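Tertiary structure, described
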Amino acid sequence: MGLPLRSAPTRLLDDRDLPAVTELLSRNPIADVFVASRVAACGLDPWRLGAEVWGHTVDGSLAALCYSGANLWPVAAGPDSARLFAERARRQGRRCSSIVGVGSAVSAMWRFLEPVWGPAREIRGEQPLLAIDAPPHLAPDRSVRLVRPDELDVLLPACIAMFTEEIGVSPVGPDGGALYRSRVAEFVGQRRSFARIEHGRVLFKAEIGAVAGDVCQIQGVWVDPALRGRGLGAAGTASVVALARSMFAPIVSLYVNDFNHSARRAYERVGFERVGTFASILF
C-alpha cells in the first residue's frame, strides 16, 4: 500500500496547511514574496488561487513547497525537494511558461525536467535578486505617479513592448491581447502601476507585482527606447521605491538579468543591494 495522502513525501496542499505554509514563506521573505503574496490573497484552494501548491513533508513537517501555475516556483527546496517536485511536474505534464525562483532550486529541478521538457527557449541562470530597505539614494522623478484607469490605453502599448523585450515573445495571444489587457488593468485598479506620462506618451513605467508582509517587489521596469541613457530609468525606479515604501512595504525588491548591465548600474545608483540569486527557465 502507498503512504497515506497527508504523510506522502509530496502532496497537494490546502487551506488546512496555511499555518505551516505561512511559516515556511516567512523564512526568506524577499525571495518568496511572489508566492507569499498569492497565498495571502487567495489561500491554498486551487480554484481561488488559479494554481496548485505542492508540499514536501519530512518527518511530518513541511520542508518545502512548489507553486504550480503559470510559473513553476519552488520555495525552500533543497536537492531532495527539487527532485520530488520535478517528478510531480513531469507526471503532470508541462503547464507553465517558466520555472522561476532561487537559482539553486530552479537549476536542480531543471536537471530532472530537461530530458522531458527540454530544450528551453531560454535559460537565465544568473539573475541577481536585489533589495532596498531605506529611502532611495537618488532624488525621485516627481513626474512618476500612479496610472489612472482612463490611461489604460496609453499604458498598454508600453507594457506590451516591455514584455516582448524582456521575455522574448509577445503577450498578445490568440485572444487578441484581452487577457493581458485585463492583467494590466488589474494592476492599475489595485494602484500598483506607476508611470511618467507626457502628452499621451509613456516615458517610464513599472509595477508592484507582489506584496506580502514587509516586502514588495517591483516588476516591468521600462523606459521608452528613444529616451534611454538619460537617467530616466534610475530616477523613475527611485520614485517607485519611495512610493512603494510609503504605500506597501518598507523593503522593496526586484530581480534583474545579469547581462542587463545598464539596469544593474541604475539599480545600484538607486541603492539596491544584492541579497540572492534567481534563475528562470523560459519555454
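Since this is a predicted model, take the numbers as computed values, not measurements.

**Remarks on the overall build of the chain**
- Helix and strand counts for the chain stand at nine helices and twelve strands.
- The C-alpha atoms of the chain give a radius of gyration of 19 Å, which matches the 19 Å a tight globule of 283 residues would have.
- Summarising its shape, the C-alpha atoms of the chain cover approximately 70 × 40 × 35 Å along the three principal directions.
- Sorting the 283 residues of the chain into buried and exposed places 49% on the buried side.

**Quick look at the packing of helix 4 (residues 79-92) against helix 5 (residues 103-117)**
- Relative orientation of the contacting elements helix 4 and helix 5 amounts to 35 degrees, with a least axis distance of 8 Å. Of the two elements, helix 4 crosses helix 5, and the hand of that crossing is right-handed. Together, A82, R83, F85, A86, A89 and R90 of helix 4 and A105, A108, M109, F112, L113, V116 and W117 of helix 5 make up the contact between the two elements.
- Looking at the contact of helix 4 with helix 5 residue by residue, the class counts come to eleven nonpolar, no polar and two charged.

**Focus: empty space enclosed by the protein**
- Counted according to the given criterion, the structure contains one cavity of 30 Å³ or more.
- If you go around the largest cavity, the residues you meet are S68, G69, L72, Q92, G93, R94, R95, C96 and W117.
- When the residues that make up the lining of the largest cavity are grouped by side-chain class, the tally is three nonpolar, four polar and two charged.

**What to know about the pattern of salt bridges**
- Counted under the stated rule, the structure contains 18 salt bridges.
- Note that R124 and E166 form a salt bridge whose closest N and O atoms lie 3.1 Å from each other. Linking R124 in strand 6 (residues 122-132) with E166 in helix 6 (residues 152-167), this pair joins segments that are 42 residues apart in sequence.
- When the shortest N-O distance is used, the salt bridge between R145 and E151 registers 2.6 Å.
- The class of R145 is partly exposed, set by a relative accessible area of 28%.
- Taking relative accessible area as the criterion, E151 reaches 7% and is therefore assigned buried.
- Overlapping salt bridges bring together R145, R148, D150 and E151 as one network.

**Overview of the pairing of strand 8 (residues 193-198)**
- Buried residues dominate strand 8, accounting for five of its six residues.
- Pairing analysis gives two bridges linking strand 7 (residues 145-146) to strand 8, with the strands arranged antiparallel. When the bridges of strand 8 are listed, L146 appears paired with F194.
- Pairing of strand 8 with strand 9 (residues 201-212) involves six bridges; the strand directions are antiparallel. What sits directly across from A195, in strand 9, is K205.
- Hairpin geometry of strand 8 and strand 9 is characterised by an intervening segment of two residues between the two adjacent antiparallel strands and by a positive phi of about 50 degrees at H199.

**Concerning the sheet that holds strand 3 (residues 61-68)**
- Spatially, twelve strands are ordered 1-2-3-4-5-12-6-11-10-9-8-7 in an open sheet, and the strand pairing comes out mixed. The sheet is open, and its two borders are formed by strand 1 (10-12) and strand 7, each paired with just one other strand.
- Contacts from helix 1 (residues 18-25) reach strand 3 and strand 4 (71-75) within the one sheet, and its direction differs from that of strand 3 by about 85 degrees.
- Across the sheet, helix 9 (residues 261-270) touches strand 6, strand 10 (215-223), strand 11 (251-255) and strand 12 (273-282), and the angle it forms with strand 6 is around 15 degrees.

**Notes on the confidence of the model for the chain**
- For the chain, per-residue confidence averages 95 on the pLDDT scale, and 97% of positions sit at 70 or higher.
- When the criterion is pLDDT under 50, residues 1-7 qualifies, and its contacts beyond four places in sequence or with other chains add up to seven contacts.

**Here's the deal with the layout of surface pockets**
- What the second largest pocket holds in volume is close to 170 Å³.
- If you trace the second largest pocket, you find 13 residues lining it, with L25, S26, A36, A212 and G213 closest to the centre.
- Secondary structure elements with two or more residues in the lining of the second largest pocket: helix 1 and helix 2 (33-42).
- Of the residues forming the lining of the second largest pocket, the biggest block, four residues, is contributed by helix 2.
- For the lining of the second largest pocket, the class distribution of residues is nine nonpolar, three polar and one charged.

About the thresholds
Residues numbered from 1 in each chain as written. Predicted model: local features only at pLDDT ≥ 70, side-chain atom pairs only at ≥ 80, totals over all residues. Heavy atoms only, no water. Helix = DSSP H or I, 4+ residues; strand = E, 2+ residues; numbered from the N terminus. Rg over C-alpha atoms; globule rule 2.2 N^0.38 Å. Buried < 20%, exposed > 50% of the residue type's maximum accessible area, 1.4 Å probe, protein only. Axes fitted to C-alpha atoms, helices over the stretch in contact; angles between N-to-C directions. Left-handed = near helix turned anticlockwise from the far one by under 90°. Contact = heavy atoms within 4.5 Å. Nonpolar A, V, L, I, M, F, W, Y, C, P; charged D, E, K, R; others polar. 1 Å grid on protein atoms, 1.4 Å probe; cavity = no way out; pocket = protein on both sides within 12 Å on 5 of 7 lines; lining within 4 Å. Points joined across faces, edges and corners; volume = space filled by probe spheres on them. Salt bridge = Lys/Arg side-chain N within 4 Å of Asp/Glu carboxyl O. Pairing = 2+ DSSP bridges. pLDDT = per-residue confidence, 0-100.

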